[in-house]
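Here is how the chains run, residue by residue.
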Amino acid sequence: MEKLEELCTKQSKALSPCRRKPLAKLAHFQEHGGDQKEVVFPPSPQSCRSRDVPELQGPAEPPTVYIDLRDAKPHQSAFLPNENQSFHCDSSTEDVTVPLRSDSSTEDEGDTTVKDQQKTKSMPKSSQGPRDCTGKSLLLQQLRNFRKEASQPLANEASKQVLRGEGMSQDLESLEEMGTLKIRRKRYLRVRGEANKVTSRWLVRSDSQRGSPPLPSHVRHGVDPSRENQKETEDALRSGSAPGPPLNKAAESPRTEESVRELSQKEKQMKEKHRRQRLQEQLERLQPQHSVTGKQPMAEKTPVLFHPETSYLPAVNVLPSADSASGEMHLMTIWLSSCGQVATCGQHSGRFPDTVLTAASTYHALVTWLLSLVSPLKVKGGPSVPFQVLGLQQVWREDGLALYACLIPTDDSPAQNPTKIRKHKAKDDLRGTSIFYQQISTYLSHTWLSSVIWWHGELTSHLQSQLYPLLPEIPVVRLSCITAVNPDPKAVEKAFAMPAGFYWQTVETDEKYFPHSSDIGASTDLDTEVAVVLLFETLLRTPVAVHHTLQLILRAGLDICGLRLLYPQHSVLLSSTDKLPSAYAPEAGKVPPVLALGVRGPNARSALQDIIGPSDPQLARMTDGSSINAIYCRSHAEPLAYLPHTDSRVHRELCLYFGGRACWEEVLLAGVQNPACKYNKTRPQSPVCNRATVDQERADLQDMAPSRPPATLVSTTKGDVIVVVSPAVPPHAYGDVISVCSQRGFTLQGIKQQRLSPKRAIMLSMTASQVAVFCPNKISSATERSSREDLPDEPRLHCLILLLRKENAGHHVPALVRGLMKELAERGLLGELRSSLPPSAELGSAWGIHVAPYTDSLLQTLGGNLSAVPDLGMVPLDLLCRRSYASDPEMEQVVILTLVGKEALKSAGHLLCHILRPGCQKQPPNSEGLDPGFELLSLKWLPRLTRSQAKEVSPFEVGDTCWQRSLNMLMSSPALVCALRRVNAFGVLAETLKKLRLLGDKQRMGTGDLQRVMALTPETAFRQAALFFSDKELVADCTRRPAGKYLPPAGRGARAEGAETRRGHAESLFAYMQAGAQLLCTVLLIKPGVWARSLAKILRKLVLEKFSLVGMKHISLKPDIVLGFLCSEAKQEPAILEAHSSYLTSGSSLVLCLQRENAVKKLVDLLGPEDPTLAHTLDPCLWRAQYGTSSVQNGFYGSGSYHAAVRDTKLFFPEGLCGADCLVLKEEEIENMQRDPVVQPEHGKRRRVVRRETRRQLGSRGTEQQQSLDRPLLDTLCQTTCLILPGITLRGSEHPPCLGLLDQLIGRDFTVTGIRLTVLDKAQAHLVSETLSSEGRSVSAMHSLLDGACLVVAAQRDNAVICFDSLLDSGHRQKQAVQDCMRHLLYPQTEKQAEELLCCLFDSLTSNSFYRLEIQDS
């Protein structure tokens, strides 16, 4: 133990006179290397700073050895006899390894630690020997020794003595004592924390003297020492857990010294790293939370401009060296109202957004002009200017945002200028000023801005190659009106010499926002990015290239948030990029300046990359010929710009060229960044920050300068604009409109379809020509319609109104308008807009889009809050209690789609494009070439859903695990509600959302599916529509309605209570959603050669498709009627017209009038395309594919639209229909048949049946064939009978009995030569029953004939009359339907009765009949 004491004394003396805090570490015990136990020591941790200890200097001390010396008496070892325990000290390793045991006592730790500490402090030094104290006591004793004594560097002999020392381990009495140092380790953490509090400030001063940058005084407060001590202890234990090899040889002493130096260097690096991290954390705590004056919160994506490496580099020069800047310097100031926009101060009058474009064009022109005057870059050939530019930067200071330029005299300034100047300027203005200032003032006051932009023509030629270009609007204004020159030399120093700060600043504009929409702080754009680009001398020497770049940045919707002309050293540029132009080589001499541009906006990096283009000019010309590199770059070795891409690289470049520098002094200037305002609420402090720390921080802030340092990067507050889309832009283009707005960073705050009056249009500052386009007149006068069958589509009257919000919104309105027009033109959606303009008018952006800045009065003019929903108290209860809804998927359905959350709203425009215009996604059209997209009825944006709305929208049921979570999400996120309509809307929309789902397929529904929620049933859709929309807000689009031409016009057939139905009456979609589609009629014409043998099969198909037969007759078409069936293309070709006419007039056709819901569209879908080959390709089950052979002989004709169906019905059934009772038919003046016009007693007596000489028959290829009928056998046996099927045989939901009978007739070789569907009155029924009276069934026959419509059939066959019973007897007993029909069937028993019935019920027979009817002369 004497040697141990000697060792401790020598170690204490090895320290320098400077006092250092001892490296107090708990010995960590761990088994290592088999049976051998090694003692190593942990590294020295960092400590917190304090001001209580005087400042001392000295080198780093060696590590301290801690040994447990609790008992002087030896004890038996608890280990096995072959276990050897020894301590090996090594200055290069810092771990302690001893046996450990578990300890359950934790409460006694604190008491023992305090008692031992007090005992150690009270004991004199002479009474404490190595054997009289524990390890903790020894620790405290050494702490006092290090404070009182100085030590010298550790010598090699000390290491040798440690290696030759006796064993320091003590035997333990039992294995339970193996874990005692584990308890001491916990106690040590408390002791060390107290010790660090005492010595922290001394370490701070010592590190500051060695050159490490200290923490600023305003950052120093609030740091928790115990937390940092704990973190440092854990880091040190982890880093030093691996023990080093034992030093048992003297030859390893040099290696030990080297290890000590390496360890000391690593400690310094670690301390420096932690110090910089703490500085960054404190800077982030003091980051501004609001705009300059506190009107709005701080803009998003504005991080602290601090980088652990670049923030400690020397600041990049904004002015060249002193030798090149010698002489007189003046400051030119150009005040800015926002990023990239000159404050014109009312010099230019005009309409919005022309004034905004003028201010932006002025900014671009001034920047380009000033850059062309930079002395190293001065362009030759431009107009003569009496000054040159030395520095240029955009800076925010307390007096506002401005563009500052440092002006110096030119080298060749003429000496006679002062005399001329005094003649042109008043003496009072120039009295006491320098000649250089007089030259500048005269030049600016006599020079127009447009005259210095001599490259304007070349720039315009480059921009006009684009569609709807954003051309610069250079105003006619003198330079003195937009610039100010200060001759004070201190002004230049104040603008360029003051160091930049670490923070962004959010400048405020005059733009207003709607306070009742989403919170201004929450309306952020998810795609906002910040990009930086360095423009080299190769680009700056070409003014048109610089101006072109700035113009493209504006067109892309980006803000120039930072602009600095810098003079960096070559090494600084190499740290950014190694691809530099040759002018920046070291051997080239003086390095030219670079222009650092900070760009801010949606997807700024990719947009800026598209503007610059590929670095290889040849590749740029092939891929993007309009990029900057494609136009102005000449060689890949001479790049024009450098653009970083990754987040870390962009942040580094921003901090390097725009951020502040961490000074080496005690105080770092940060300024008061968060003065009291309504948005500067008290931020929650760290749990360890006590009241004293907070008070001290406030005191430090009060002592600091109240002014904030300059900011070289600025953002802008948000504002709202009102966008009005012309009615000539179709609603299916609204998805493209919303998508373009979202891509350009505008967030939706309201949307509505509304009809504008001329008064409202004038209040929106529209011109007279715009009023004619945005407020069209409604032409629905009955006198203007030449035909009731072909009613023209009325013009669309509703505009789309959007309330959009964006940072610096007004500045980006011109680019937004042209971007919208370009997108619509590329999609081919401006055809209707072009047709609505006069022939001589040019299709400009003002005709399609109009934008106005938001004001409260303007919004009230448009009807107030665009997100207003119907009052639940005003919704009738019976409206929500109805139980019948339109649920047939074959009919049009209304579905509600709700998009929830910022991500869903960001992609809402893209989703609507897929829903409204799926044809743009290269999908094949359907058989009729129709657009299968949805019809957009209405849109509504809501800042959040109410609880009642969320309950209706949520797809979960009450009791589900996700029910409450879904409600919370719906009530806390913005939503866009869409009302859509089409056939099978629910099925098609569900399939579309499945393909476009953002999160992919899920086996189990979760709250992530709430981004896109659709109503699952018609009832749910109706209830949601009643909650979100009023009846006036649901606007039908007749021009783009997918199935509109198959349905009646809006208002036709409307069940308006107490109001007269008229054309043009607004369609009530709520009534439509409840009542469903109306019953409609359509006409089916079965062409010659098809229906005679397939009648029963065709009728059965019609019944299966739920068609009702309300009219049927055979006819012989005439050529003039045939022309009405043909399309315009067929009428223009004489050969095709002749083929159709010959075929349709070659035989008898069968015409049917069918009734059902959505009848016209359903029949068109069943028939398929007119070309049977194409129909067979699409679906072999289509009727024309089954029965047609060519485009002429395609088997069927069906009414192609609702108007065609009405025309055909009136043409073929002028007498009326049988049992078709619906409101639409009454409005179209189509009556029901009350009596058969053919059945007349006098007409029946005048008709007689005669045999034909020849009959026409259509061959297999449609050619007409003549057949002789003079064969004796046919003349003798052929008979024609007349069958009457009463109404009871025609009724049946699935299989009417009459179909089985017709099938049996055709199967027994009967030929149908006549067929009619008729209605008999009482007299006519009596006449028919009297004809059949010989059978004794006159009474029963009369009752059956009066029971609805009757089907009369003329059928011929050999012995058809006399053998009718025997012909059907063998087959009808096998089918119950035929038996039922035979019980009610009325038919003649003799040839005389058959002839009488034929003459009474028919006025003609088909062309393939053996007989014909002729009228005898009276």
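Because the structure is predicted, anything quoted here is derived from the model rather than measured.

A. The overall build of the protein, seen in detail. Assigned secondary structure in the protein consists of 55 helices and 30 strands. Of all 1418 residues assigned to the protein, the portion counted as buried reaches 54%. Across the protein, contacts joining residues at least 24 apart in sequence account for 83% of those joining residues at least 6 apart. On the protein, roughly 64,000 Å² of surface is accessible, and the fraction owed to carbon and sulfur atoms is 51%.

B. View of the sheet that holds strand β19 (residues 1012-1014). An order of β17-β18-β16-β19 is seen for the four strands of this open sheet, with the pairing classed as antiparallel. The strands lining the two open edges of the sheet, one partner per strand, are β17 (935-942) and β19. Across the sheet, the axes of successive neighbouring strands diverge by a mean angle of 20°, strand direction being ignored. Here seven bridges tie β17 to strand β18 (residues 975-983), and the two strands are oriented antiparallel to one another. The partner of Ser938 across the bridge, within β18, is Ala979. The strands that helix α36 (residues 985-996) touches are β16 (892-900), β18 and β19; relative to β16, the one it contacts most, it runs at about 30°.

C. Layout of the pattern of salt bridges. This structure, assessed with the given rule, holds 31 salt bridges. For Arg275, the salt bridge goes to Glu272, with nearest N and O atoms at 3.1 Å. With Arg275 and Glu272 both in helix α8 (residues 253-285) and three residues apart, the pair spans about one turn of that helix. Of the residues examined, Arg275 reaches a relative accessible area of 5% and is grouped as buried. Across the pair Glu890 and Arg1156 runs a salt bridge, and its minimum N-O distance is 3.2 Å. On the criterion of sequence distance, the pair formed by Glu890 in the loop between α31 (877-881) and β16 and Arg1156 in strand β22 (residues 1149-1157) is long-range, its members being 266 residues apart. With a relative accessible area of 33%, Glu890 lands in the partly exposed category. When salt bridges that share partners are traced, they join Asp736, Glu823, Arg827 and Arg917 into one network.

D. Inspection of the sheet that holds strand β12 (residues 718-725) at higher detail. Ordered in space as β13-β14-β12-β15, the four strands form an open sheet in which the pairing is antiparallel. Whereas interior strands pair on both sides, the edge strands pair on one side only; in this sheet they are β13 (747-755) and β15 (849-853). Direction aside, the axes of adjacent strands within the sheet are offset by 20° on average. Bridge analysis of β13 against strand β14 (residues 798-807) gives eight bridges, and the strand direction is antiparallel. Across the sheet, the residue bridging to Thr747 is Arg805, located in β14. Here helix α24 (residues 734-743) sits on the sheet and contacts β12, β13 and β14; the angle it forms with β14, its principal contact strand, is near 15°. Here helix α27 (residues 813-826) sits on the sheet in contact with β12, β14 and β15, set at roughly 160° to β15.

E. Representation of the packing of aromatic side chains in the model. Going through the model one piece at a time under the given rule, you end up with twelve aromatic pairs. Measuring from centroid to centroid gives 6.1 Å for Phe306 and Tyr312, while their planes differ by 80°, and the two rings are edge-to-face. What makes Phe306 buried here is its relative accessible area of 1%. Its relative accessible area of 12% is what places Tyr312 among the buried residues. With a centroid separation of 5.4 Å and an interplanar angle of 85°, the aromatic rings of Tyr1187 and Phe1196 are classed as edge-to-face. Assigned by exposure class, Tyr1187 and Phe1196 land together as buried.

F. Region of the structure containing unusual backbone geometry. Look at the link from Phe352 to Pro353: it is a cis peptide, with omega at 10°. Summarising the element assignment, Pro353 is placed in the loop between β2 (341-342) and α9 (354-371). The phi torsion at Lys301 lies on the positive side, around 55°, for a residue other than glycine. In this fold, Lys301 is placed in the loop between α8 and β1 (330-338). At Asn603, a position not held by glycine, the phi torsion is positive, near 50°. With respect to the secondary-structure elements, Asn603 resides in the loop between β9 (594-602) and α19 (604-612). For Asn603, a relative accessible area of 30% gives the class partly exposed.

G. Local environment of the nonpolar core. Core analysis: the biggest nonpolar cluster contains 106 residues, and Ile751, Leu756, Leu802, Leu804, Leu897, Leu976 and Leu980 have the highest contact counts within it. In contact with Leu976, not counting residues within four places along its chain, are Leu748, Ile751, Leu897, Thr898, Leu899, Leu905, Ala908, Lys940 and Trp941. Grouped together as the second largest cluster of nonpolar side chains are 78 residues, Phe1125, Ala1130, Val1192 and Phe1213 included.

H. Seen up close, α9. Helix length check: α9 (18 residues) gives 26 Å between terminal C-alpha atoms against 26 Å at 1.5 Å per residue, within 8%. With respect to burial, α9 is a largely interior element, 16 of its 18 residues being buried.

I. View of helix α42 (residues 1134-1144). Within the span of α42, buried status applies to His1140, Ser1141, Tyr1143 and Leu1144. Around the axis of α42, the buried residues are gathered within 170° of arc, so they sit on the same side. Turned more than 90 degrees away from the buried face of α42 sit Pro1134, Ala1135 and Glu1138, all of them exposed.

J. Structural view of the packing of α9 against helix α17 (residues 543-555). At a minimum axis distance of 9 Å, the contact between α9 and α17 shows a crossing angle of 150°. Compared by their axis directions, α9 and α17 come out roughly antiparallel. Classified by chirality, the crossing of α17 by α9 is right-handed. Residues Leu357, Ala360, His364, Ala365, Val367, Thr368 and Leu371 of α9 form the contact with α17, whose own contacting residues are Pro543, Val546, His547, Leu550, Gln551 and Leu554.

K. Layout of the pairing of strand β3 (residues 387-397). Of all eleven residues in β3, eleven are buried; the element is thus mostly enclosed. Where β3 and strand β4 (residues 400-409) come together, ten bridges link them in antiparallel fashion. Each residue of the ladder has a partner; that of Val395, found in β4, is Ala402. Hairpin connection from β3 to β4: two residues lie between these consecutive antiparallel strands.

L. Layout of the side chain of Thr1313. Tracing the chain through its elements places Thr1313 in strand β28 (residues 1311-1318). Setting aside residues no more than four positions away along its own chain, Thr1313 makes contact with His1114, Thr1280, Ala1354, Ala1355, Gln1356, Leu1405, Thr1406, Asn1408 and Ser1409.

M. The environment of Leu993, seen in detail. Following the sequence through the fold, Leu993 ends up in helix α36. Residue Leu993 is classed as buried on the basis of its relative accessible area of 8%. As a C-alpha pair, Leu993 and Leu911 span 82 residues in sequence and 8.7 Å in three-dimensional space. Every residue in contact with Leu993, bar those within four places of it in the chain, is listed here: Leu897, Leu911, Arg1012 and Met1014.

N. Quick look at the state of the cysteines. In total, this model carries zero disulfides according to the counting rule given. No disulfide involves Cys339; its nearest neighbouring cysteine sulfur is the one of Cys561, lying 6.5 Å away. Just so you know, Cys1350 is unpaired, no disulfide at all, and the nearest cysteine sulfur is the one on Cys1218, 9.1 Å from it.

O. Region of interest: the side chain of Arg917. Here Arg917 shows up in the loop between α33 (908-916) and β17. Using a relative accessible area of 8% as the deciding quantity, one classes Arg917 as buried. Polar side-chain contacts of Arg917 include one of 2.7 Å to the side chain of Asp736. When near neighbours in sequence (up to four residues on either side) are disregarded, Arg917 contacts His732, Asp736, Arg827, Leu829, Leu912 and Arg1040.

P. Spatial organisation of the packing of α33 against α36. Relative orientation of the contacting elements α33 and α36 amounts to 135°, with a least axis distance of 11 Å. As the angle between them shows, α33 and α36 are arranged oblique. Note on packing geometry: the crossing formed by α33 with α36 is right-handed. Counting all contacts with α33, which are made through Leu911, His914 and Ile915, the residues of α36 involved are Leu989, Thr992, Leu993 and Leu996. Residues of the contact of α33 with α36, tallied by class, amount to five nonpolar, two polar and no charged.

Each value, and the rule that gives it
Position numbers for residues count from 1 along each chain, tracking the sequence in the order it is written. Thresholds applied to this predicted model are a pLDDT of at least 70 for local features of residues and 80 or more for the giving and counting of side-chain atom pairs; totals over whole chains, interfaces and linings are not thresholded and use all residues. No hydrogens and no water enter the side-chain calculation; it runs on all heavy atoms of the structure. In DSSP terms, a helix is any run of H or I states spanning at least four residues, a strand is any run of E spanning at least two, and both are numbered starting from the N terminus. For every residue, the accessible area obtained with a 1.4 Å probe (protein chains only) is divided by the maximum for its type, and the residue is called buried under 20%, exposed over 50%, and partly exposed between those limits. Whether two residues touch is decided by their heavy atoms; if any such pair falls within 4.5 Å, the residues are in contact. Computed with the Shrake-Rupley method and a 1.4 Å probe, the accessible areas treat only the protein chains shown as cover for residues. Two strands qualify as a pair provided that DSSP identifies no fewer than 2 bridges between them. Orientation is described by axes fitted as lines to C-alpha atoms, over the contacting stretch for helices, and by angles from 0 to 180 degrees between their N-to-C directions. Here, a salt bridge means any Lys or Arg side-chain nitrogen found within 4 Å of an Asp or Glu carboxyl oxygen. Note on aromatic contacts: the rings of Phe and Tyr and the six-membered ring of Trp form a pair at centre separations within 6.5 Å, being stacked when their planes are under 30 degrees apart, edge-to-face when over 60 apart, and tilted otherwise. Throughout, nonpolar core names a set of buried Ala, Val, Leu, Ile, Met, Phe, Trp, Tyr and Cys residues whose side chains join them through atoms within 4.5 Å. Expected span of a helix, by definition, is 1.5 Å for each gap between consecutive residues, and there is one gap fewer than residues. The arc refers to the directions leading from the helix axis to the C-beta atoms. Any angle between 65 and 115 degrees counts as roughly perpendicular, while under 35 counts as roughly parallel, over 145 as roughly antiparallel, and the rest as oblique. Should the near helix be turned counterclockwise from the far one by less than a right angle, the crossing is left-handed, whereas a clockwise turn marks it as right-handed. Our working definition of a disulfide is a cysteine sulfur pair at a distance within 2.5 Å. Polar contact is defined as a pair of N or O atoms within 3.5 Å, subject to the rule that within protein one atom must be able to donate a hydrogen and the other to accept it, and that residues adjacent in sequence are counted only when both atoms are side-chain atoms. Three classes are used, and their members are as follows: Ala, Val, Leu, Ile, Met, Phe, Trp, Tyr, Cys and Pro are nonpolar, Asp, Glu, Lys and Arg are charged, and the others, Gly among them, are polar.

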